Structure formats: structure tokens, C-alpha cells
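# Observations on chain architecture
Read off the chains here:
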Amino acid sequence: MDIPLPLPLLIGGAEEDGNDGARESTRLPGRIEKMSRLQRSWAAAGCGAVAAPTFRGNRFRLPRRDGEEDVGGYNRTLVELTRRSVGERVLVAGGIGPAGQELEPFGDMSFEELVTAYAEQATALEEAGVDLFLLAEDMTMAEERAAMLAVRQASGKPVVVLARCDEEGRTASGTDVLAALIVMQGMGAAAFGLSCWEGEEALLEQLQRLTPYAAVPLAAVVSRAGAELQTLAEAGVKLFACGGDLSGEGVAALARGLERVDFSRFAPPEHDPDVIPCASEKEARFITPDVDVGETIECTPDLMEEILEAEETCPQGALKIAILEEDDVAIFAENQYVVRDALCLWSDVPELLEQALRVYQGRAFWDGTGDLEPEFLAEMSRKYGLVLL
């Protein structure tokens, strides 16, 4: 399903109403009616999509009752309440938010455990009949990747990814939003958007940084409906969210403002085929088709030191790490967070290459060497964003 654009996509607001007290909020008629009344006002004001307030609906954020979390029941209830409020003409987005867990090597949780937890929520949202998924603004890169993989296990519906940044374009976890765009659109996000702590001038500046590399529509969280809508549209923004006045009047003002913007005037940006975007967990990096990857680094107990030395002493701006056996995946996963340059992951064993791509919290490339089947590499590109040279 394609997302109709431009679309005033509502996020936040109802999250506090729907999650305050978590499970109890779905039981109290007063809170339910308050949430439903607000959602009805958004639909009546012309909102094209409303996010169900399920952002805390994963097993780590829900409080326990009798020693268990009812992830499925919680998410289905809030989606059903939202659908009842907005009707069938308005899209319902399933909101997915942070898990709040530290991953190895800084915490006790593996990346695969995080994917499993998000898959539990994504399955419940899919069964409840959401039209699309919305990844919240305050997620880390690892959480966004895990949620994207989880959603793709459960559904083929569109995923909109949001990030919140400062005036330098950094999220709270230190990721450059350009790196986040590169990774998430590579994994199949339908749209990628921003909000900014520093106001709309900084928001526009960061969106303009994304425009030359955006292969998907951009989204913006705006606090008011004014002349900036035209400027944001020129920067490639096609999805808009209310981040200020969340009343029906605020949404109606945004909808009226969008009606005055002629989106057909804005041609999509041209992309230089010789500039290929890659990314580590924190940084955006760019390579050319003839990139020099330097000497291959093998996964030894000294991998961290070898990565740091290669990035400091080698001018290529790209690394090549080989995954030759099962133990290499664990070594790579433990040390990949120090990678800053563009990364070529290599293996002659398909299963090992996929395992390494799965745990890498960036977007890697394949340098064209080796004997892996083209069909397999194409699948790795679709699933993990692997850049094929």
C-alpha cells in the first residue's frame, strides 16, 4: 500500500493519554473518552492518518500484571479504539517506540532479543489491522533497525521513520540524522522525517542536508501552519505532522496550509550516481564505485585496535572486514560500534555474511569480489540495505 501524499500525519499527543498508566488507561472510561474525542477532532479536521498511542506497547515498557505483560491485548485494544474514533477513511498507524534496553557489549541484551520483542508488538499491530507503522522520534539506530526487521517479519505495509535532532543534526544517542536516513531507506522505509529541538529554522537546515540523498519522501514535524510549509515542500517534505497545537483547530490549520502548497512544482532532486551513501551507526559516509578498501581486516581479539588504526592511518575512507567463521560474527558484533568509515563486509559463506549484516548498525557495501550468488546479494540489499558495487 502506498501512502497518499501529502499527508498531515498525526503523531504524539494521544500517546500520553493512551499510555499514562499503560494497561490501566485502556480500562478507564474517562481516559478512553478523552483520547477518542481528540482523535475524532483530528479526523474531522482533515488529518489523513492518526497514530494509535501504542508507542510504549513493547514488553519492556508495559507494566506487569500478575507477572506478565499482555503485549498483544494492549496493542490490539488501542488500535481498535483508534479505528473506532477516526473511522475507515483515515489511516491508522501503529506506533512503535523505544525499548529502553542497553545492547551488548554495553548491556545484557542481544540485538536478536530486541528484534524478537519488537516482532511481538509488530505482529499484534498487524493483526489489529493498522494501515502503516510509525517508528517514534526518540529511538536509537539499533532500535529503529530492530523494529524495521520486526515489522518486515509481520507485515509488508509502509513504515514511516522519524528522528529528533539538535541544530547539528544529532539525535540524543549521537547519530547523525543523515546516517539514519541512509540506513533506514536502505532497509525499506517508506518515508523518513525529522523534528528538531532547536526550532523550525534548524529543522529546515537539517532537512535540506537530507534532500540530496533522500530516495524516499521526507517528513517534518511542524509546530504551526505557516509560510514554512512552502519552504519545507521545496526541500522534499511530503508528510507533515503536528508537533505543536494538537487540537482539532491546530490540525485544521495545518490541513488548510497544505491545500495552498502546489507540490507538483517541486521536482525530485537529482542524485549523483558516482556518490554512493553508506553509514556507520553514527556517521554518514560516501564512496565512489572505484573505492579503495585497503587491506582486509580479519576478526581477531584485536579487532577494535585494528579498526581504529586503519581509520587513523589509511586515507581510503573505507574498511574491509572479513567474516570467515562463526566466531567472527560475535567478535564483529562486539566491536562494530567503533566503525566510523564506510564499511565493506565480506564473506564467502552466505549465512555468515547475513549474520554480520544483521548485527551491523549501519549500511555496509559489497565490493564485488567473491562468488556469492547475485540473487542472494540482491536479497541482502533489499533486507539490510547492502550497497552492491
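Here the structure is a predicted model, which means the values were calculated and not measured. (Residues numbered from 1 in each chain as written. Predicted model: local features only at pLDDT ≥ 70, side-chain atom pairs only at ≥ 80, totals over all residues. Heavy atoms only, no water.)

## Regarding the sheet that holds strand S3 (residues 91–96)
Pairing within the closed barrel is parallel, and its eight strands lie in the order S1-S2-S3-S4-S5-S6-S7-S8. With direction set aside, neighbouring strand axes in the sheet form an average angle of 30 degrees. Taken together, the two bridges between strand S1 (residues 7–10) and strand S2 (residues 49–52) define a ladder with parallel strand orientation. When the sheet's bridge partners are listed, leucine 9 is paired in S2 with alanine 49. Along the sheet, helix H4 (residues 111–128) contacts S3 and strand S4 (132–135); its crossing angle with S3, the most-contacted strand, is approximately 165 degrees. Relative to the sheet, helix H9 (residues 248–259) contacts S1, strand S7 (218–222) and strand S8 (237–242), its axis offset from that of S8 by approximately 165 degrees. (Pairing = 2+ DSSP bridges. Helix = DSSP H or I, 4+ residues; strand = E, 2+ residues; numbered from the N terminus. Axes fitted to C-alpha atoms, helices over the stretch in contact; angles between N-to-C directions. Contact = heavy atoms within 4.5 Å.)

## Re the packing of aromatic side chains
Tallied over the full model, the rule gives five aromatic pairs. Centroid distance phenylalanine 240 to phenylalanine 263: 6.2 Å. Interplanar angle 70 degrees. Geometry classified as edge-to-face. Residue phenylalanine 240 is located in strand S8, and its partner phenylalanine 263 is located in the loop between H9 and strand S9 (276–279); the two are separated by 23 residues in the primary sequence. Phenylalanine 263 shares its class with phenylalanine 240; the two are buried. A ring pair is formed by tryptophan 346 and tryptophan 366, whose centres lie 6.5 Å apart and whose planes are at 0 degrees; its orientation type is stacked. Linking tryptophan 346 in strand S13 (residues 342–346) with tryptophan 366 in strand S14 (residues 365–366), this pair joins segments that are 20 residues apart in sequence. (Phe/Tyr/Trp six-rings, centres within 6.5 Å; stacked < 30°, edge-to-face > 60°. Buried < 20%, exposed > 50% of the residue type's maximum accessible area, 1.4 Å probe, protein only.)

## Description of the pattern of salt bridges
One pass over the structure, following the stated rule, counts 14 salt bridges. The residue glutamate 120 makes a salt bridge to arginine 59 at a minimum N-O spacing of 3.0 Å. Taken together, the positions of glutamate 120 in helix H4 and arginine 59 in the loop between S2 and helix H3 (71–86) put the pair 61 residues apart, joining distant regions of the chain. Residue class for glutamate 120 comes out partly exposed when judged on its relative accessible area of 32%. (Salt bridge = Lys/Arg side-chain N within 4 Å of Asp/Glu carboxyl O.)

## A few points about the pairing of S4
Alternating residues of S4 divide into Leu132 and Leu134 and Phe133 and Leu135, and every residue in both groups is buried. Taken together, the four bridges between S3 and S4 define a ladder with parallel strand orientation. By the bridge assignment, glycine 95 is partnered in S4 with leucine 134. Since S3 and S4 lie parallel, the crossover through H4 that links them has a hand, and here it is right-handed. Pairing between S4 and strand S5 (residues 159–165): three bridges, direction parallel. Looking at S5, one finds that leucine 134 is bridged to valine 160. Each parallel crossover has a hand, and for S4 linked through helix H5 (residues 141–154) to S5 it is right-handed. (Right-handed = clockwise from strand over helix to strand, strands pointing away.)

## Structural notes on helix H10 (residues 303–313)
Quick reminder: α-helices carry 3.6 residues per turn. Residues three or four places apart thus point the same way. Among the residues making up H10, those that are buried are Leu303, Ile307, Ala310 and Glu311. Considered in projection along H10, the buried side chains sweep an arc of 95 degrees and stay on one side of the axis. Facing away from the buried side of H10 by more than 90 degrees, the exposed set consists of Glu309, Glu312 and Thr313. Residues of H10 that are buried sit in contact with strand S11 (296–298), strand S12 (318–322) and helix H11 (326–335). (Arc of directions from axis to C-beta.)

## Points about H9
Taking 1.5 Å of rise per residue, twelve residues should cover 16 Å, and H9 covers 17 Å from first to last C-alpha, within 8% of that figure. Here H9 has its buried residues at Gly248, Gly250, Val251, Ala252, Leu254, Ala255, Gly257 and Leu258. (Expected span 1.5 Å × (residues − 1).)

## Quick word on a negative patch on the surface
A contiguous patch of negative charge, built from Glu167, Glu168, Glu198, Glu201 and Glu205, is present on the exposed surface. A relative accessible area of 45% places glutamate 167 in the partly exposed class. (Patch = residues over 30% accessible without salt bridge, like charges linked within 9 Å, V, L, I, M, F, W, Y side chains within 5 Å. Areas by Shrake-Rupley, 256 points an atom, 1.4 Å probe, with all protein chains shown as cover. Lys, Arg positive; Asp, Glu negative; His and termini not counted. Charge placed at Lys NZ, Arg CZ, Asp CG, Glu CD.)

## Focus on the packing of H5 against helix H6 (residues 177–186)
Taken N-terminus to C-terminus, the directions of H5 and H6 make an angle of 15 degrees; their axes are 11 Å apart at the nearest point. On the basis of their axis angle, the class for H5 and H6 is roughly parallel. Crossing angle aside, the handedness with which H5 passes H6 is right-handed. Contacts from Met141, Glu144, Arg145 and Met148 in H5 reach Ala179, Ala180, Val183 and Met184 in H6. Of the residues contributing to the contact of H5 with H6, the split by class is six nonpolar, no polar and two charged. (Parallel < 35°, antiparallel > 145°, perpendicular 65-115°, else oblique. Left-handed = near helix turned anticlockwise from the far one by under 90°. Nonpolar A, V, L, I, M, F, W, Y, C, P; charged D, E, K, R; others polar.)

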